[in-house]
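Listed here are the chains, written in short residue letters.
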Amino acid sequence: MFLRKIYNQTYLIIPIICINFYALICLFFVSNKFYYDFEVFYNAGRQVFLDPAHLYDVIGFYYMPNFAILFAVSFSLMPFIVSYYLWFFVNYISAIFFIIEFNKVLNLMDIKKKSHRFLFLIIISNGMLVYHNFFFNQSKYLVGLILLVIVRRELVYKETNGEFTKDIKYFMINYGLFIFILGLAPYFIFLLIIYFIYDIRNKEELKNKNLIVVSIIVFMFIFQNFLFIIYPSLIFEFINGFFFPVERETLMIFYLQEFISVSSTIIFLFTIIIIIILSVITLLLVLNKSLEIHEKFSYFSLGYLFFGMFSTYGHGVILLAFILLLFTPHMDQKAKATEFIKSNKIFLIGLISIAGLFFVPFSYTAYRHFPLLKVYPFSLFFLLRWIFFLSIMTISLIVLKLSDRSKESLLNE
């Protein structure tokens, strides 16, 4: 009986084992620990007690005060190395639950067969993107986990046909979590706008509830980021952080940054243009009433993957996971065995391209192991690796969407 239960959960156990594999490699076999990202978090936490008015004097800290406060009352109170491994454990647990939560979301999206869900889970649990997050001991899995929890709660609400009411507790949890992850990923403010407008109701009898939602957002933001109230100058220093790509020498779009070098003025202009583009994408998604919240998040992730200049590669595990959700409606779940491959050719090509994005390494990793990649014409193909997989992914998704539309029009006729 026990072995049967284990066998039935194999589709979930294997991806979790993969996560363990990458975590263990970074924990025990990578001798040159890369502390930079964590060191920024740790120092920001200490700065809260030393001099909070100069929080953004901590080099590399572009986050909201709530993240620094989290470290101030926990990890920054411990010795650096102890704190490092504790935070690594938080990331590891977040990655495990990220897989589990993604599985729940797939199930709620009517991907009922475990073997079908396995196709998605095995992709998001492998590759250089997974390794990257553990190697740099970042916070991306925690952000992704919380976003998936919010989406899952919305899907459960939808599935019950509104049988339960979104009460104050529901809003407090969802918006409290959302404000928290903005501290770790401020550029996801666009997602909060999308979610807030999605949650707002236009009906007359629900106006009071809308006011409650607005009040909860304001309260949660002030409660978690009270340093902005005490030291208003921090607001401007934080906003200035949105332009941190200007400090770099390369264009901070991950698929271009290795071979496009421009001046800081050009990068500044690009940053302005990118913020405008992301704002337009957000507006279009807000205006589209036919999309569910997970679809809006997924389309924004697609836009952000192409136009984001703020740690796009690092957030790849989140962005690509949500982009995968765009492929779910196009899978022929009735087909079996070889017929499944035949009827899902474009769908599978799209999934393989996303898997490719998960596995493609950065140049400093690839060149160390494969010096031949520096030699022309191999160097050219290597530099275009991101664009190659991104193009296949996008074309596959467009073809699937057009195919579904043509099928719908034929049925209507």
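Look up: the structure comes first, before these words.
Notes on the structure follow. Note that the structure is a prediction, hence the values are computed from the model and not measured. In this convention, every chain numbers its residues from 1, walking through the sequence in written order. Where totals are concerned, whole chains, interfaces and linings use all residues; where local detail is concerned, this predicted model gives features only for residues with pLDDT of at least 70, and gives and counts side-chain atom pairs only at 80 or more. Only hydrogens and water are removed before side-chain values are computed, so all heavy atoms of the structure are retained for them.

1. Considerations on the overall build of the chain
Here is step 1 of the chain: For helices the rule is a DSSP run of H or I covering at least 4 residues; for strands it is a run of E covering at least 2, with both sets numbered from the N terminus onward. A count of helices and strands for the chain gives 21 helices and zero strands.
Here is step 2 of the chain: For each residue, the accessible area found with a 1.4 Å probe, counting protein chains only, is set against the maximum for its type, and the residue is called buried under 20%, exposed over 50%, and partly exposed in between. Burial analysis of the chain (413 residues in total) assigns 50% to the buried set.
Here is step 3 of the chain: We call two residues contacting when some pair of their heavy atoms lies within 4.5 Å. Summarising the internal contacts of the chain: among those between residues at least 6 apart in sequence, 74% fall at separations of at least 24.
Here is step 4 of the chain: The protein chains shown are the only cover counted for residues, whose accessible areas, like all others here, come from Shrake-Rupley with a 1.4 Å probe. Entry remark: accessible area of the chain is about 20,200 Å², with carbon and sulfur atoms responsible for 70%.

2. Let's talk about the side chain of His294
Here is step 1 of the chain: On the secondary structure map, His294 appears in helix α15 (residues 293-307).
Here is step 2 of the chain: His294 gets classed as buried once you look at its relative accessible area, which sits at 7%.
Here is step 3 of the chain: Residues in contact with His294, not counting those within four places in the same chain, are Met109, Val151, Leu155 and Phe322.

3. Digging into the packing of helix α5 (residues 80-108) against helix α16 (residues 316-327)
Here is step 1 of the chain: The angle between two axes is taken between their N-to-C directions and runs from 0 to 180 degrees, where each axis is a line fitted to C-alpha atoms and a helix contributes only its stretch in contact. Between α5 and α16, whose axes approach to 11 Å, the crossing angle comes to 15°. Judged by the inter-axis angle, α5 sits roughly parallel to α16. Crossing geometry of α5 relative to α16 is assigned as right-handed. From α5, Phe98, Phe102, Val105 and Leu106 reach across to α16, where they touch Val317, Ala321, Leu324 and Leu325.
Here is step 2 of the chain: Its residues assigned to classes, the contact of α5 with α16 comprises eight nonpolar, no polar and no charged. Here roughly perpendicular refers to angles of 65 to 115 degrees, roughly parallel to angles under 35, roughly antiparallel to angles over 145, and oblique to all remaining angles. For any helix crossing, the convention is left-handed if the near helix is rotated counterclockwise from the far helix by under a right angle, and right-handed if that rotation is clockwise. Residues are sorted three ways: Asp, Glu, Lys and Arg are charged, Ala, Val, Leu, Ile, Met, Phe, Trp, Tyr, Cys and Pro are nonpolar, and all the rest, Gly among them, are polar.

4. Some words on a nonpolar patch on the surface
Here is step 1 of the chain: A contiguous nonpolar surface patch, about 670 Å² in accessible area, is contributed by Ile266, Phe268, Leu269, Phe270, Ile272, Ile276, Val280 and Leu284.
Here is step 2 of the chain: Examined against the element boundaries, Val280 turns out to sit in helix α14 (residues 264-287). The patches reported here contain residues having more than 30% relative accessible area and no salt bridge. Joining distances are 9 Å for like charges and 5 Å for nonpolar side chains (Val, Leu, Ile, Met, Phe, Trp, Tyr). When a carboxyl oxygen of Asp or Glu is within 4 Å of a side-chain nitrogen of Lys or Arg, the pair counts as a salt bridge.

5. A few points about the packing of aromatic side chains
Here is step 1 of the chain: When the centres of two rings from Phe, Tyr and Trp lie within 6.5 Å, Trp using its six-membered ring, the rings pair. Their planes under 30 degrees apart give stacked, over 60 give edge-to-face, and anything left gives tilted. Tallied over the full model, the rule gives 43 aromatic pairs.
Here is step 2 of the chain: Here the guanidinium or amino end of Arg385 rests over the ring plane of Phe382, the centre of that ring lying 3.8 Å away. Remark: a charge is flagged as sitting over a ring if the NZ atom of Lys or the CZ atom of Arg is within 6 Å of the ring centre and within 35 degrees of the ring normal.

6. Focus on the packing of helix α2 (residues 10-29) against helix α6 (residues 114-124)
Two measures define how a pair of helices packs: the angle their axes make with one another and the distance between the axes.
Here is step 1 of the chain: Interhelical geometry of α2 versus α6 gives an angle of 10° and a closest axis separation of 9 Å. One element, α2, and the other, α6, form an angle in the roughly parallel class. Where α2 approaches α6, its residues Tyr11, Leu12, Ile14, Pro15 and Cys18 are matched on the opposing element by Lys114, Arg117, Phe118, Leu121 and Ile122.

7. Here we look at the pattern of salt bridges
Here is step 1 of the chain: One pass over the structure, following the stated rule, counts three salt bridges.
Here is step 2 of the chain: With its nearest N and O atoms 2.4 Å apart, the salt bridge here joins Glu101 to Arg152. On the criterion of sequence distance, the pair formed by Glu101 in helix α5 and Arg152 in helix α8 (residues 140-159) is long-range, its members being 51 residues apart.
Here is step 3 of the chain: For Glu101, a relative accessible area of 5% puts it in the buried group.
Here is step 4 of the chain: Put simply, Glu292 and Lys158 hold a salt bridge, and the shortest N to O gap is 3.9 Å. In this pair, Glu292 sits in the loop between α14 and α15 while Lys158 sits in helix α8, placing the two residues 134 residues apart along the sequence.

8. With respect to the side chain of Thr328
Here is step 1 of the chain: Inspection of the secondary structure puts Thr328 in the loop between α16 and α17 (337-343).
Here is step 2 of the chain: Here a polar contact means two N or O atoms within 3.5 Å. Within protein one must be a hydrogen donor candidate and the other an acceptor candidate, and residues neighboring in sequence count only if both atoms are side-chain atoms. Polar contacts involving the side chain of Thr328 include one to the main-chain carbonyl oxygen of Leu325, which spans 2.6 Å.
Here is step 3 of the chain: With residues up to four places along the chain from it excluded, the contact list for Thr328 reads Leu106, Met109, Ile111 and Phe120.

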